[in-house]
Amino acid sequence: MPPREGIYGLLAEFNTPSELVHATEKAREAGYRRMECYTPYPVEEAAVALHFHKTRVPLVCLTGGIIGLVTAFLMQTWIAVWAYPLNIAGRPLFSWPAFIIPAYEWTILFSGLSAAFGMIMLNGMPQLYHPVFNAPNFRNGATTDKFFLCLEAVDPKFSVTETRTFLEQFPAISVVEVDH
Amino acid sequence: MAHGQEQHGHDAHAHYGPRTLPASLATPEIVSVWRTRLLIIAAAATLVSVLFAFTHEGRNHLLRAYLMGFMTCFGFAGGGLVVLMLQHVTGGKWGLLLRRPLEAMSRTMWLVALMFVPIAIFMKHLYQWAAYPNPGAVAEALQHHMVTLEQAMTINDKHAMLNPTSVIVQTIIIFGTLLTFTYFLNKWSLQCDADPLRGTQQSFDRWRTKFENLCGIGIFIYVVLLTVGSIDWIKSLDVTWYSSIYGLQFLVGQGYAVLALGVLTVILLSKFEPLKTLLRMTEQHDLGKLMLAFVMLNIYLCFAEFLIIWSGNIPDEIPWYLNRIYGGWWTICTLDFVFHWVVPFCLLLSRDLKRNKRKMVWLCSWMLLARCIDMFWLIEPNFADAAANLHIRGNIGILAYITVPVAVLAVWGAYYLTELKARPIMNLNDPHLEEMLEPEHAH
């Protein structure tokens, strides 16, 4: 795949989380949707301002759990009833109470693994390159003491000039263009 | 901005400063209305129950159903006390939110102790060990085929623990100890609020340490006493059977019921001040998670007991389950499983449901109903006429299991609400209060 070119978005840098959250709320009000906040620690208000409520991790986790449950139960049924039918203490071959615990363990195993790997995949990981690292001070600031808001160029409302004007109304330290 | 600090949903204009503490922390007046309703229900259920006394086996069923009502109420009073002690030890905002409802539950302890009196009087109609209290009576009962050989030998064997005097003494010790803990925890709670140094770190630390020191040992003592109580009152209905996990099952069942009732109380009260301000979605969500944990732990213990006995498949133990599965009991057994575990578990997995007040009210009520079904399943099959033989035809008195517990629980509920109203709904002298006034986060 050839490298993408052109502008990725406009990145505003703030000194405090409140300024970041305020700007994010205003951007959403103004109609921007494709945007992201970058902060050195979790700022839950920023997640609220982005309306970032739902993720698909619970669904992935549930699906994994159900697959684990069904697989383990059916596998044990197949083993005990058809593959290796053994008389154990005179019980029926299909003695389901004995199958519950391994099925339960597999449910936990599968849902845990799918939650962890599902989360990593839905996060877009592993990702070796991200355009925002092209911005000055991002590499250092986003992991220490600066708060960033990026309005992305894929947003239909995005315009290099108007969006820059929009962002400059806030007390941002800098508003820079970020290339792909 | 001045208004609209609602807890329902995040509007873009919500500001991020702390909210102000409501001027009055008194329990809302609506509680009196609920209490009147409960008393009406209690009266109606009692009237219907009286009719059952004239049916076949009706009086026996009244007594057994009363035992079920007693044990369920004890679950709230004792369970309330132990969860109260638990939240003093663990701390946390969920605990502060539930503390006053839990204290109110624990203060009903003397009423529950009083409820034991009829059981003590009519003991010999419930328990074989009370009907045949000495080896002579046991031998005679054996001769007249009133008990099996195994039952006769077990009654004699367990005589030291299971005889009328011993059980009454044990019951007095249980309630005496629990009432002592209840007294101190409730007294200190008021003193803590009235502390002249309230609001300072020094005061917080002093009271936290004081509560912790009593509650740590209190939880241990409670578990031991509950094990003794559940054996004396419920398990010994079947004198031959035993299970080492029995007390623990009741403990978890009580936690299950107490959380359901506590959450139900705070959510219903959150329509009104002060809980309208103080119950945040965050804490409701946390309580929902805790309920899910108890739902899981409950099925874990129940299934563990079943699996071990099913694997062993020995004549000493397995009839207890056979009596509760065959002869129509399969329906109750399935209902118990579905009500107790399948429905609450599947629903509580959902994050949205845990954050929805209306749905949580329904779920909590459902869980309380599940506890009653479970108690019925535990108690009734112990008796010879009902073991592996659930029938309504010619046995209409069994319906007393619906009306009597409703009457007993309604009386208990009315008293619980009285005690709830006696104090402000929230402790003031707690560092978590300030945190609960902070704005919500999206978790």
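Going along each chain's sequence as written, the residues are numbered from 1 onward. Here the convention is simple: chains get letters from A, ligands get numbers from 1, in the order in which they are written. In keeping with the predicted nature of the model, local features appear solely for residues at pLDDT of at least 70, side-chain atom pairs appear and are counted solely at 80 or more, and the whole-chain, interface and lining totals rest on all residues.

## Focus: the packing of helix 12 (residues 281–312) of chain B against helix 14 (residues 329–348) of chain B
Residue and element names in this part refer to chain B. Each axis is a line fitted through C-alpha atoms, and for a helix only the stretch in contact is used; angles between axes span 0 to 180 degrees, taken between their N-to-C directions. Strands here mean DSSP runs of E at least two residues long; helices mean DSSP runs of H or I at least four residues long; both are numbered from the N terminus. For the pair helix 12 and helix 14, interaxial distance at closest approach is 10 Å and the crossing angle is 145°. Read as a crossing pair, helix 12 and helix 14 show a hand that is left-handed. Of the residues in helix 14, those touching helix 12 at Gly-288, Met-291, Leu-292, Val-295, Asn-298 and Ile-299 are His-340, Trp-341, Pro-344, Phe-345 and Leu-348. Class assignment of the residues belonging to the contact of helix 12 with helix 14 gives a composition of eight nonpolar, three polar and no charged. Here a crossing is called left-handed whenever its near helix is offset anticlockwise from the far helix by less than a right angle, and right-handed whenever the offset is clockwise. Any two residues are considered in contact once their C-beta atoms, placed from the backbone, lie within 7 Å. Any residue that is not Ala, Val, Leu, Ile, Met, Phe, Trp, Tyr, Cys, Pro, Asp, Glu, Lys or Arg is counted as polar, Gly included; the first ten are nonpolar and the last four charged.

## Details of the domain arrangement of chain A
Split into domains, chain A comes out as domain 1 (7–54 + 133–179) and domain 2 (57–122). Once you take the C-alpha centre of each, domain 1 of chain A and domain 2 of chain A turn out to be 45 Å apart. All the domain ranges listed were derived from an automatic or database domain assignment.

## Quick word on unusual backbone geometry
The residue after Met-125 of chain A, namely Pro-126 of chain A, is reached through a cis peptide bond having omega -5°. As for its position among the elements, Pro-126 of chain A is in the loop between helix 4 (96–122) and helix 5 (138–141). One non-glycine residue with positive phi stands out, namely Ala-89 of chain A, at about 55°. You can see Ala-89 of chain A is positioned in the loop between helix 3 (57–83) and helix 4. A positive phi angle, near 55°, is found at Asn-313 of chain B, a position not held by glycine.

## Describing helix 14 of chain B
All names here are of chain B. Over its 20 residues, helix 14 runs 28 Å from end to end, which matches the ideal 28 Å to within 8%, given 1.5 Å per residue. Every buried residue of helix 14 is accounted for by Trp-329, Asp-336, His-340, Pro-344 and Leu-348. In this structure, the buried side of helix 14 is in contact with helix 12, helix 15 (351–354) and helix 16 (357–379). Expected helix span is computed as 1.5 Å times (number of residues minus one). Residues with at least 20 neighbouring C-beta atoms inside 10 Å of their own are called buried, those with 12 or fewer are called exposed, and the rest are partly exposed, where every C-beta is derived from the backbone.

## Structural notes on the pairing of strand 1 (residues 7–14) of chain A
Residue and element names in this part refer to chain A. For strand 1, the buried fraction is high: seven of the eight residues fall into the buried class. Across six bridges, the pairing between strand 1 and strand 4 (residues 174–179) is antiparallel. The residue bridging Glu-13 from the neighbouring strand is Ser-174, located in strand 4. Strand pairing is assigned whenever DSSP identifies at least 2 bridges connecting the two strands. Here six bridges tie strand 1 to strand 3 (residues 147–152), and the two strands are oriented antiparallel to one another. Paired with Gly-9 across the two strands is Glu-152, which belongs to strand 3.

## Brief notes about the sheet that holds strand 4 of chain A
Residues and elements named next belong to chain A. Across the sheet, which stays open at both edges, the four strands sit in the order 2-3-1-4 with antiparallel pairing between neighbours. Each having just a single partner strand, strand 2 (35–38) and strand 4 make up the two edges of the open sheet. Mean inter-strand twist for the sheet, computed between neighbouring axes without regard to direction, equals 20°. Against the sheet, helix 1 (residues 17–29) engages strand 1, strand 2 and strand 3, with an angle of about 20° to strand 3. This element, helix 6 (residues 160–168), spans strand 1, strand 3 and strand 4 of the sheet and lies at about 10° to strand 1.

## Quick look at helix 6 of chain A
Residues and elements named next belong to chain A. Residues of helix 6 that are buried include every one of Thr-163, Phe-166 and Leu-167, and no others. Each buried residue of helix 6 lies within a common arc of 95° when the element is viewed along its axis, so the set occupies one face. Exposed side of helix 6, more than 90 degrees from the buried face: Thr-161 and Thr-165 are the residues found there. Against the buried residues of helix 6 lie strand 1, strand 3 and strand 4. Relevant arc is that of directions from the helix axis to the C-beta atoms, nothing else.

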